[in-house]
Each structure stands twice: as C-alpha cells, then as structure tokens.
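Architecture and fold: a report
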Amino acid sequence: MYDRGLSEEQRMMRQSCRDFVDNVVLPFIKANWQREWSMVPEDRLPPVILLEADKLGLRTLGVPEEYGGTELDKATEVATFAIIAEEIARGDSGLADKLVQNWKVSVLLRQFAPRHLQEKWFKRLVDEPSLLLAHCLTEPRGASDRWLPYNVPEAAMQTKAIKTNGGWVVNGRKQFISNGYDAGLYVVYANTNPKVGMLQGTSSFLVPRDTKGFAIARCNETLGCRYMNNGEMVFEDMFVPDDHLLVENDALGSAGIYFRPGKIIQAAKNLGVGVRAFEATADYVQNYVQGGRILIKHQAVALRLADMATRIEAVRALLGRAAQAVDDKTPEAETLCNMAKLFASEEIMKVVQHAVELHGGNGIMLDFGIEKLLRDAVIFLHMDATVDISKMKIVKTMFPQTAGKYAGVE
Ligand SMILES: Cc1cc2nc3c(=O)[nH]c(=O)nc-3n(C[C@H](O)[C@H](O)[C@H](O)COP(=O)(O)OP(=O)(O)OC[C@H]3O[C@@H](n4cnc5c(N)ncnc54)[C@H](O)[C@@H]3O)c2cc1C
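Residues numbered from 1 in each chain as written. Predicted model: local features only at pLDDT ≥ 70, side-chain atom pairs only at ≥ 80, totals over all residues.

Topic: the overall build of the protein
- If you tally the helices and strands in the protein, you get 13 helices and ten strands.
- Its C-alpha atoms give the protein a radius of gyration of 21 Å, near enough to 22 Å, the size a compact globule of 410 residues would have.
- For the protein, the spread of C-alpha atoms along the three principal axes comes to 80 × 50 × 40 Å.
- The buried share of the protein, taken over its 410 residues, is 47%.
- Taking the contacts inside the protein whose residues are at least 6 apart along the sequence as the reference set, 75% of them involve residues at least 24 apart. (Helix = DSSP H or I, 4+ residues; strand = E, 2+ residues; numbered from the N terminus. Rg over C-alpha atoms; globule rule 2.2 N^0.38 Å. Buried ≥ 20, exposed ≤ 12 C-beta atoms within 10 Å, placed from the backbone. Contact = placed C-beta atoms within 7 Å.)

So this is what it looks like as structure tokens:
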C-alpha cells in the first residue's frame, strides 16, 4: 500500500475502510457465499453490513456537513472517493455499488436541488441508515445513444414529461438501474421537447419512491455485483411537482458533474476487484504445492503474478491522474476519466483471468470465492457505458469535429 502523496484525510479513510472490509465484509462473503444466489433480493446482503458502513459515514459521503453528512475536502474529493471505492470493492463490488450511488447522486443534488429539498432529503439520508439513491438514465431501447450522445430527435429518451398545472406528468420506463430495486429517492431523466436533440430536450426530476404512478417492475438478476439490487421501474401518469424539476432541457449537459466523478469511481471499484484478485492469488501461489514446489517457484506462475501486478499499477497510475484532473477541473478531465474507466475494465479482466487460471479447478468452485471476482469484473465492461462507447467518447473529445459523426437517419 502506497502512502506517499495522500492527505491525512485520505490515509484515515483508507485505513478505516480497509479495517471494515477485513473485519466485516470479507468474513461475511467467505462464510455466506450461497446468499449471493438467493432469488429473494432482500435476503442477499443483510442490513447489518450497510449499517456498519453507515457508522463509518460511507453511505453519506458527498452530503454537506450542515446536514450531518461526511463532507470530504472539496479540493481532493474525487480522488478520495476513488480511494474509498477501491477499498470497499476489494471487499465486495456490489456493496461498493450500493454506497457510491449515494455519493454520486448527492453531488448532483448539492448542485441542482432547491434548498428546501436538500434540507428534506439530505436530512432523511443521514437519519435513515438504509436509505439509498438511484440515477435513472437507461431505457429498454438502450443507453449508448445517451452516452455519446447522438444529438438528434430520433435518438431521444422515450420516457416523456409533459408540462401541466403545477408540475409535470411523466410516462415511461427505466431499466438496469443500480439500487433501482430498493432506493428511496430517484433522479429520473425524461424528454421534455421531442422536436430537438437530446442535449436540448432532456430534463431531470427528483422522484421519491412513494410518488403516485411510480412502480418497481422487477429486480434484475445479474451475473456479478449481486449484492447491489439492480432494478427496472415504470412511470404511469406520474405527477412530479414543479420544484422537483432539477434541470430543464439541459439535464444531460449539466450531468457532467455526476458523470465525471462517476467514471473515476467506476474505475476505482474495478481496481478494488483486481487488487483482491491479486492478493488472493499471491497468497495461493505461495502456499499451494504442485510438482513438489509451491506454485510461485514455477517460473511460468511467477511471471503471471508480475503481469497482474503491472496491470494493477498501470490502472492505478492512470486513475490517479484522471482523478486529479477531475478534481482540478482541467480541460482534459473528460478524456482522462473515460480513459481510466475504459482501461480499468479491460486490464482488470486480464488480472482476474490470471487469478482464475492460477487457482486451477478451485478457481471455478463457487465456495472458493475466486470465480466471483471474474463475475464482478465482467460487469465493468458494460456499466456506465460499454467498452466501445467509452472509446468513442474518448476519440470524440480529442477530435470533436470529425470523430464518430452521426451519419443521419437511415
Ligand atoms: C450492473 C449494471 C448497472 C447499471 N446501472 C445503471 C444506472 O444506475 N443507471 C443507468 O441509467 N444505467 C445503468 N446501467 C446501464 C448501462 O449504462 C448500460 O447497460 C450501458 O451503457 C450499455 O447500454 P445498453 O445496455 O443499452 O446497450 P446498447 O446501447 O443497446 O448497446 C448494445 C451494443 O451495441 C454497441 N453500440 C451501441 N451503439 C453503438 C454505436 N453508436 N456505435 C458502436 N457501437 C454501439 C454497444 O457498445 C454494445 O456493445 C447499468 C448496467 C449494468 C449492467
């Protein structure tokens, strides 16, 4: 563990997260590997784990101190988010997903929610240890168009909000939403002007779970990150009052404040999965014997360990640089945060592949815990934009006039 360059706050947060993971999360995962496979979402992660995380302030990062949240030094907030996200995901990637959604949405609310709604929801967030937040962009017709975005009316959100007396009526459906199944408060994106491109015609709304017309359609059963309950929701003539409109028409452009830290946090969680794979594998190859020698004494095995370590350090280096750029709001922040997210997803897949292979048959056995890291890692190729869409975003920031220009209606 490198300490150099970390602030006192970052060092303290990292240590308390590491202790939490080593003393609470990893023992739970090891002793209860079957729980991940329960088809009753409420039975998977026991509330006590979230409670323990909450006691450390990990559920309310990003909430201003005046409301009782855990406010980090703003100058290095995103870098500190990354350090914490990595440590939690080293214990469990799904638990990290649950928590980081609260940080990311809190950053958005801090900026765009009216004062009286901040007072109401930040206070509730602090007071209710199980309250989770969700951010709803993706629809059954797809998410990639929104990430790029293809700024033409035919690619617009299919969830629509129509202005009415005192508010908006929302109809539509969102899918694949992190915390979607069990959140208490949602940020929902909807089309508010079908005649223009989505950058000019998408608005965001604050939607409490008990809003009339809001329903949870289902909890998605996922390959990995199974301790986060991913959900799908439906809005039928859902009335949202005027003061719950967060950003009118320019919601996607304004959401950079959420997306950029989001990419960094995503890469950091991914790194945490890789670090866990390395630690478990390093331990295994120094104890398990084949050919009369512990595995690491076989040269081909030792080389793979070097490969894993090198990839992890490369991800960490790019992540650190990108996090600093986002904290400093430099012009290259947009490119770098997408690069960090993309690079982590591909490199950590290779790290966990080594881990599974070096564990032999044990790497495949559910009760051994290594295959879980492979399942958790694969999610990162899709979540928060796919690999190809991330590449497209990077090249578009570098060559905005030419790269990936939409060819027009077919
Ligand atoms: C575990 C998990 C959690 C998630 N959490 C959230 C959340 O909290 N909130 C939220 O809003 N969304 C969430 N998502 C959705 C996620 O952002 C999308 O799944 C992702 O962006 C891909 O979109 P899609 O599934 O609609 O794929 P599609 O957009 O349908 O893409 C399908 C394939 O086509 C490719 N493709 C699409 N368009 C193009 C193009 N123009 N050029 C080249 N290739 C293209 C893609 O790369 C991909 O390979 C989550 C997803 C997962 C798996």
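Moving on from the model shown.
Here's the deal with the pairing of strand β7 (residues 231-241)
- Pairing between strand β3 (residues 167-177) and β7: eight bridges, direction antiparallel. The partner of Lys174 across the bridge, within β7, is Met233.
- In this structure, strand β6 (residues 214-219) lies alongside β7, joined through five bridges in antiparallel fashion. If you follow Ile216 over to β7, its bridge partner there is Met233. (Pairing = 2+ DSSP bridges.)

Considerations on the site of the ligand
- Taken together, 22 residues lie around the ligand, and Leu137, Thr138, Ala143, Ser144 and Ser178 are the ones closest in.
- Listed by contribution, the elements that provide at least two residues to the shell around the ligand are β1 (133-136), α6 (144-147), β3 and α13 (387-398).
- Of the residues that constitute the shell around the ligand, the class distribution is eleven nonpolar, nine polar and two charged.
- Summarising the domain contributions, the shell around the ligand has at least three residues from each of domain 2 (134-250) and domain 3 (255-398). (Near = placed C-beta within 6 Å. Nonpolar A, V, L, I, M, F, W, Y, C, P; charged D, E, K, R; others polar. Domains from an automatic or database assignment.)

Details of the domain arrangement of the protein
- What the domain assignment reports for the protein is domain 1 (8-130), domain 2 (134-250) and domain 3 (255-398).
- The C-alpha-based centres of domain 1 and domain 3 are spaced at 21 Å.
- Between domain 1 and domain 3, the residue contacts involve 23 residues of the former and 22 residues of the latter.
- If you list the elements that add at least two residues to the side of domain 1 that touches domain 3, you get α1 (8-31), α3 (77-91) and α4 (93-112).

A word on the nonpolar core
- Residues Ala82, Phe205, Ile264, Leu319, Ala322 and Ala340 are the most contacted members of the largest nonpolar core, which totals 116 residues.
- Dropping the residues within four chain positions of it, Ala322 is found in contact with Ile264, Leu336, Cys337, Met339 and Ala340. (Core = buried A, V, L, I, M, F, W, Y, C linked by C-beta atoms within 7 Å.)

Digging into the pairing of strand β4 (residues 185-191)
- Of all seven residues in β4, seven are buried; the element is thus mostly enclosed.
- Burial along β4 is two-sided: Leu185, Val187, Tyr189 and Asn191 and Tyr186, Val188 and Ala190, pointing in opposite directions, are all buried.
- Pairing of β1 with β4, which is carried by four bridges, proceeds in the parallel orientation. The residue bridging Cys136 from the neighbouring strand is Val188, located in β4.
- Note: β4 against strand β5 (residues 202-208), seven bridges, orientation antiparallel. Within the sheet, the bridge partner assigned to Val188 lies in β5 and is Phe205.

A few points about unusual backbone geometry
- Backbone geometry at Asn179 places phi at a positive 65°, although glycine is not the residue there.
- With respect to the helices and strands, the residue Asn179 is situated in the loop between β3 and β4.
- Its 25 C-beta neighbours within 10 Å are what place Asn179 among the buried residues.
- Look at Asn249: it is not a glycine, yet its phi comes out positive at around 70°.
- Following the sequence through the fold, Asn249 ends up in the loop between β8 (245-247) and α8 (251-254).

Some details on helix α2 (residues 47-55)
- Among all positions in α2, only Leu50, Ala53 and Asp54 are buried. The buried residues of α2 occupy an angular sector of 100° when projected down its axis, which confines them to one face. Residues of α2 that are exposed and angled more than 90 degrees away from the buried face: Val48, Leu51 and Lys55.
- On the buried face of α2, the contacting elements are α1 and α4.
- Two residues or fewer after α2 comes Gly57, characterised by a positive phi angle close to 85°. (Arc of directions from axis to C-beta.)

Some words on the packing of helix α11 (residues 333-358) against helix α12 (residues 370-379)
- Running from amino to carboxyl end, α11 crosses α12 at an angle of 165°, the nearest separation of the two axes being 9 Å. In terms of orientation, α11 and α12 fall into the roughly antiparallel class. Where α11 crosses over α12, the handedness of that crossing is left-handed. Between α11 and α12, the contacting residues are Ile348, Met349, Val352, Ala355 and Val356 on the first element and Ile370, Glu371, Leu373, Leu374, Ala377 and Val378 on the second. (Axes fitted to C-alpha atoms, helices over the stretch in contact; angles between N-to-C directions. Parallel < 35°, antiparallel > 145°, perpendicular 65-115°, else oblique. Left-handed = near helix turned anticlockwise from the far one by under 90°.)

Some details on the environment of Ala333
- Turning to its location among the elements, Ala333 is positioned in helix α11.
- For Ala333 and Asp250, which are 83 residues apart along the polypeptide, the C-alpha to C-alpha distance reads 20 Å.
- In this structure Ala333 touches Arg260, Ala325 and Val326, once residues within four positions along its chain are discounted.

Topic: the packing of helix α9 (residues 256-285) against α12
- In contact at an axis separation of 10 Å, α9 and α12 are set at 160° when each is read in the N-to-C sense. One element, α9, and the other, α12, form an angle in the roughly antiparallel class. Here α9 runs over α12; the crossing is left-handed. On the side of α9, the interface is formed by Asn270, Val273, Arg276, Ala277 and Ala280, while α12 contributes Ile370, Leu373, Asp376 and Ala377.
- Per-class residue counts for the contact of α9 with α12 are six nonpolar, one polar and two charged.

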